[in-house]
Amino acid sequence: MCGIVGMVGHSPVSQALYDGLTVIQHRGQDAAGIVTISDNTFRLRKANGLVKDVFHTRHMLRLQGNIGIGHVRYPTAGTSSSSEAQPFYANSPYGISLAHNGNLTNADELKSWIFNKARRHVNTTSDSELLLNIFAHQLQQAKNLELTAEDIFNAVAEVHNLVRGAYATVALIIGHGMVAFRDPHGIRPLVFGKRETEKGMEYMVASESVALDACDFEFIRDVAPGEAIYITEDGQLFSSQCAQNPTYNPCIFEFVYFARPDSTIDKMSVYASRVEMGTALGKKIAREWDDLDIDVVIPIPETSNDIALQIAQQLDIPYRQGFVKNRYVGRTFIMPGQAERKKSVKRKLNAITQEFKGKNVLLVDDSIVRGTTSEQIIEMARNAGAKKVYFASAAPEVRFPNVYGIDMPSATELIAHGRELEDICELIGADKLIFQDLADLVNAVGKGNKDIKAFETSVFNGTYITNDIDHSYLEKLDAMRNNESKEQADKEADSILDLHNEGSD
Ligand SMILES: O=P(O)(O)OC[C@H]1O[C@H](OP(=O)(O)OP(=O)(O)O)[C@H](O)[C@@H]1O
Ligand SMILES: NC(=O)CC[C@H](N)C(=O)O
Ligand SMILES: [Mg+2]
């Protein structure tokens, strides 16, 4: 999952963008970038790495201007090459720069369209660069040199007509301002807020509300599915619904894993939804495991902490933090390669022997995806002396690939794909295993906003909300992005793709 942020201010914005990116770092650890506008010129710095490593003082000094956007990347299309770090830039019309969270599902079609209809060449394999060029081409159709808000909204409407998939997007247009828009299903989150200053109102858009909190912006609201927000360089705000048939289908996995608990997405508190997940799963455990002989409930840090505490309370069993998390190792699931993910679990988590020795422990995680974490953690618990190791997942079995911005392209890499409970339990080495039911998960998250009639839940049930995903699409995606193919593509991209507009060192 990537993270995006954008700001229109009355004084330099680079520090607020940096701070905003730092608090949404959990959405992407691979690359980071900021672009600002000063004197009608883009100032860009982007590279592979964490926010703290990509931006040094010399870069921050270069990022002048009162308007800018930023991105943290977790690659889900193309390669991990720094040439595909964001924001991307197109020189025509006006000079546009764009950052994208999500994944387009008709990228091949769009690539042909952009060449044949717009005669534009896109040199990387990134779907986000395609999105930028489609948007740029549509803006080019405006009649007058000076763009109006209506011209911008018409361009977004045309983007919605052409592009399929998930896209929460923020873009800068030189001489005009900042545009943010969300796909017509609202799959990826996007919020905006305001901050009053002596010089006037400032605005920020971000993937998660926590970025607004960190930068002292007051939350205004979520950008609606299909809606676009346009803020001019001098701070006038316009908004318009640009999709014909928008529906509200946020990705449920944001609540399970991706988002920070202190964020609110589409009026639903991520923390509250995790507590509800704990209540529901606790009830299921009490219902289904009649010979309840659990001595202690232990979370697998960090995302499952709130869920495990609630399960412990529900079952009236002690809760202990039996694993210590190394604060210098990031999230393992969003690391780009399986080898690195596997190595990182032991570097990240270590057991406190006293909490395991001679006890029946219930380990709780938010989800089991590839099984990388659960398998190693259960072994660690046994090595620490646990008598019995039970395992609970706050999400149902993940059985289907994701095509909307979570890098799970290959069904065969998912431990629950084509397997039933007993097989999965045996594979991860647990004494007992339990998964949340999908209806309970939907209910736990949906409690916060009764207007959401359907979440994007494809990884659990194989129903893709955009209705354009079939077997052959998934086969192609698998061939292109399974572990081996990705490694190969990354190697090739590093050696071939040296032509890109990266900010210099
Ligand atoms: O079955 P797997 O493929 O291992 O994926 C699931 C695990 O990965 C995530 O943790 P991660 O380390 O990414 O981050 P966290 O610290 O936020 O829990 C998630 O919370 C699970 O623990
Ligand atoms: N996770 C995301 O949102 C990724 C955005 C885009 N598809 C990329 O790979 O850069
Ligand atoms: Mg985890």
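The shown structure was predicted, so the numbers you read here are calculated from the model rather than taken from an experiment.

Q: Can you tell me about the domain arrangement of the protein, naming the residues and giving the values?
A: Split into domains, the protein comes out as domain 1 (3-247) and domain 2 (274-326 + 345-447). Relative placement of domain 1 and domain 2: their C-alpha centres are 36 Å apart. Between domain 1 and domain 2, the residue contacts involve ten residues of the former and six residues of the latter. Summed over both sides, the interface between domain 1 and domain 2 buries roughly 610 Å², with carbon and sulfur atoms accounting for 57% of that surface. Per-residue buried area on domain 1 facing domain 2 is highest for Y74, T76 and R188; these three make up 52% of the total on that side.

Q: Can you break down the UniProt feature "active site" (unreviewed entry) in the protein residue by residue, with the values?
A: Under the UniProt annotation, the feature "active site" (unreviewed entry) is placed at C2. Assignment of secondary structure puts C2 in the segment before β1 (3-8). Here C2 falls in the buried class, since its relative accessible area comes to 6%. Leave out the neighbours within four places in its chain, and C2 touches R27, H71, V72, R73, Y74, H100, N101 and S207.

Q: Please set out the site of ligand 2 residue by residue, giving values where relevant.
A: Lining the immediate surroundings of ligand 2 are 15 residues, of which C2, R73, N101, G102 and D127 lie closest. Here R73 contributes a side-chain N or O atom positioned 2.6 Å from an oxygen atom of ligand 2. Between an oxygen atom of ligand 2 and a main-chain N or O atom of A77, the distance comes to 3.2 Å. About the coverage of ligand 2: the protein hides 100% of its 300 Å² of free accessible area. The element that contributes the greatest number of residues to the shell around ligand 2 is strand β6 (residues 96-104), accounting for four residues. Classifying every residue of the shell around ligand 2 by side-chain character gives five nonpolar, eight polar and two charged.

Q: Lay out the UniProt feature "binding site: Mg(2+)" (unreviewed entry) in the protein in plain terms, naming residues and giving numbers.
A: The sites that UniProt annotates as "binding site: Mg(2+)" (unreviewed entry) are T303, D365 and D366. Across 64 residues of sequence, these annotated residues stay compact in space, with a maximum C-alpha separation of 7.6 Å. Relative to the helices and strands, T303 is located in the loop between β16 (296-299) and α10 (305-315). Contact partners of T303, with chain neighbours within four places excluded, come to V256, Y257, R274, R331 and D366. Of note, D365 is situated in strand β19 (residues 360-365). Looking at D365, the relative accessible area reads 8%, which means it is buried. Beyond its immediate chain neighbours, meaning those up to four positions away, D365 contacts I300, S304, T373, F391, A392, S393 and A394.

Q: Please provide a residue-by-residue account of the site of ligand 1, values included.
A: Taken together, 17 residues lie near ligand 1, and Y257, T303, D365, D366 and T373 sit nearest. A distance of 3.5 Å separates an oxygen atom of ligand 1 from a polar backbone atom of T372. The fraction of the free accessible surface of ligand 1 (500 Å²) that becomes covered by protein chains is 96%. Partitioning the shell around ligand 1 into residue classes produces five nonpolar, six polar and six charged.

Q: Any details on the side chain of E202? Residues and values, ideally.
A: Residue position: E202 is located in strand β10 (residues 200-206). At 2.7 Å, the side chain of E202 forms a polar contact with the backbone nitrogen of H10. Dropping the residues within four chain positions of it, E202 is found in contact with M7, V8, G9, H10, S11, G193, K194, R195, T197 and F217.

Q: Break down the packing of aromatic side chains for me, citing the residues and quoting the values.
A: A full pass over the atoms with the stated rule returns 17 aromatic pairs. An angle of 75 degrees between the planes, with centres 6.2 Å apart, marks the rings of Y167 and F181 as edge-to-face. Taken together, the residues Y167 in strand β7 (residues 165-173) and F181 in strand β8 (residues 177-182) connect sequence positions 14 residues apart. Linked through ring pairs, Y74, F253, Y257, F258, F333 and F460 together constitute an aromatic cluster. Against the face of F88 rests K46, its NZ or CZ located 4.6 Å from the ring centre. When the ring centre of Y257 is taken as origin, the NZ or CZ atom of R331, which lies over that ring, is 3.9 Å away.

Q: Describe the sheet that holds β7, naming the residues involved and giving the relevant values.
A: Two orientations exist for strands paired in a sheet by backbone hydrogen bonds: parallel and antiparallel. Pairing is antiparallel across the open sheet formed by six strands, whose spatial order is β5-β6-β7-β8-β12-β13. At either end of the open sheet lies a strand with only one pairing partner, and these are β5 (88-90) and β13 (237-241). On average, each strand axis in the sheet is tilted by 20 degrees relative to the strand beside it, whichever way the strands run. As paired elements, β8 and strand β12 (residues 227-232) share five bridges and run antiparallel to each other. Its bridge partner being in β12, F181 is matched across the sheet by A228.

Q: Tell me about helix α1 (residues 14-23), and please be specific about residues and values.
A: Of all ten residues in α1, seven are buried, a share of seventy percent or more. Those residues of α1 that sit buried are S14, A16, L17, Y18, G20, L21 and V23.

Q: Kindly report on unusual backbone geometry, identifying the contributing residues and their values.
A: For the bond running from S92 to P93, omega is -5 degrees, close enough to zero to count as cis. Here P93 shows up in the loop between β5 and β6. In this chain, P301 is followed by E302 through a cis amide linkage whose omega measures 15 degrees. Checked against the element boundaries, E302 lands in the loop between β16 and α10. Residues other than glycine seldom take positive phi values, yet D316 does so here, at roughly 60 degrees.

Q: Run through the packing of helix α5 (residues 127-140) against helix α6 (residues 149-162), naming residues and quoting values.
A: Where α5 contacts α6, the two axes come as close as 8 Å, and the packing angle between them is 130 degrees. The orientation of α5 with respect to α6, classified from their angle, is oblique. α6 is crossed by α5, and the crossing has right-handed handedness. Between α5 and α6, the residues in contact are L131, I134, F135, Q138 and L139 and D151, I152, A155, V156, E158, V159 and L162, respectively.

Definitions and cut-offs
- Residues numbered from 1 in each chain as written.
- Chains lettered and ligands numbered in written order.
- Predicted model: local features only at pLDDT ≥ 70, side-chain atom pairs only at ≥ 80, totals over all residues.
- Heavy atoms only, no water.
- Domains from an automatic or database assignment.
- Contact = heavy atoms within 4.5 Å.
- Buried area = accessible area lost by both parts, 1.4 Å probe.
- UniProt positions renumbered as here; feature names shortened; annotations may be inferred.
- Helix = DSSP H or I, 4+ residues; strand = E, 2+ residues; numbered from the N terminus.
- Buried < 20%, exposed > 50% of the residue type's maximum accessible area, 1.4 Å probe, protein only.
- Near = heavy atom within 4 Å.
- Polar contact = N/O pair within 3.5 Å; in protein donor to acceptor, adjacent residues only side chain to side chain.
- Areas by Shrake-Rupley, 256 points an atom, 1.4 Å probe, with all protein chains shown as cover.
- Nonpolar A, V, L, I, M, F, W, Y, C, P; charged D, E, K, R; others polar.
- Phe/Tyr/Trp six-rings, centres within 6.5 Å; stacked < 30°, edge-to-face > 60°.
- Lys NZ or Arg CZ within 6 Å of the ring centre and 35° of its normal.
- Pairing = 2+ DSSP bridges.
- Axes fitted to C-alpha atoms, helices over the stretch in contact; angles between N-to-C directions.
- Parallel < 35°, antiparallel > 145°, perpendicular 65-115°, else oblique.
- Left-handed = near helix turned anticlockwise from the far one by under 90°.

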